[in-house]
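# An overview of the molecular structure
Letter by letter, the chains look like this.
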Amino acid sequence: MKDRLNGMRVFAQVVEAKSFSAAADRLGMSKSLASRHVSALERSLSVKLLNRSTRRLSLTEAGALFYEHCARIVQEAELAES
């Protein structure tokens, strides 16, 4: 469960920052680790969340729907932790 929550945190940051690099900087991790978190989340959900290219990042339809729920869950988890 904790791994999935970490993946959700990274995914939410990637969406909000519109880049893996910026999200990784905000989270204090490498870009490759951030990418691995999102890839693991996609595998565990059996769905592609992001369309990736070297120049562009966009949400899939499933990714947009998942983000709506994910952002709320991550925010609630952070409130609970504090």
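The structure this text deals with has already been given above.
To keep things clear, this report deals only with the structure shown in the data block. (Residues numbered from 1 in each chain as written. Predicted model: local features only at pLDDT ≥ 70, side-chain atom pairs only at ≥ 80, totals over all residues. Heavy atoms only, no water.)

## Looking at the packing of helix 1 (residues 2-17) against helix 4 (residues 61-81)
Running from N to C, helix 1 and helix 4 point in directions that differ by 115°, and their axes come no closer than 9 Å. Judged by the sense of rotation from one axis to the other, the crossing of helix 1 with helix 4 is left-handed. Between helix 1, through Leu 5, Met 8, Arg 9, Phe 11, Ala 12, Val 15 and Glu 16, and helix 4, the contact on the second element is made entirely by Gly 63, Phe 66, Tyr 67, Cys 70, Ala 71, Ile 73, Val 74, Ala 77, Glu 78 and Glu 81. Here the residues of the contact of helix 1 with helix 4 are counted per class, giving twelve nonpolar, one polar and four charged. (Axes fitted to C-alpha atoms, helices over the stretch in contact; angles between N-to-C directions. Helix = DSSP H or I, 4+ residues; strand = E, 2+ residues; numbered from the N terminus. Left-handed = near helix turned anticlockwise from the far one by under 90°. Contact = heavy atoms within 4.5 Å. Nonpolar A, V, L, I, M, F, W, Y, C, P; charged D, E, K, R; others polar.)

## So, the packing of helix 2 (residues 20-27) against helix 3 (residues 31-45)
Between helix 2 and helix 3, whose axes approach to 8 Å, the crossing angle comes to 100°. As the angle between them shows, helix 2 and helix 3 are arranged roughly perpendicular. Judged by residue contacts, Phe 20, Ser 21 and Ala 24 of helix 2 engage Lys 31, Ala 34, Ser 35 and Val 38 from helix 3. Each residue belonging to the contact of helix 2 with helix 3 can be placed in one class, and the counts come to four nonpolar, two polar and one charged. (Parallel < 35°, antiparallel > 145°, perpendicular 65-115°, else oblique.)

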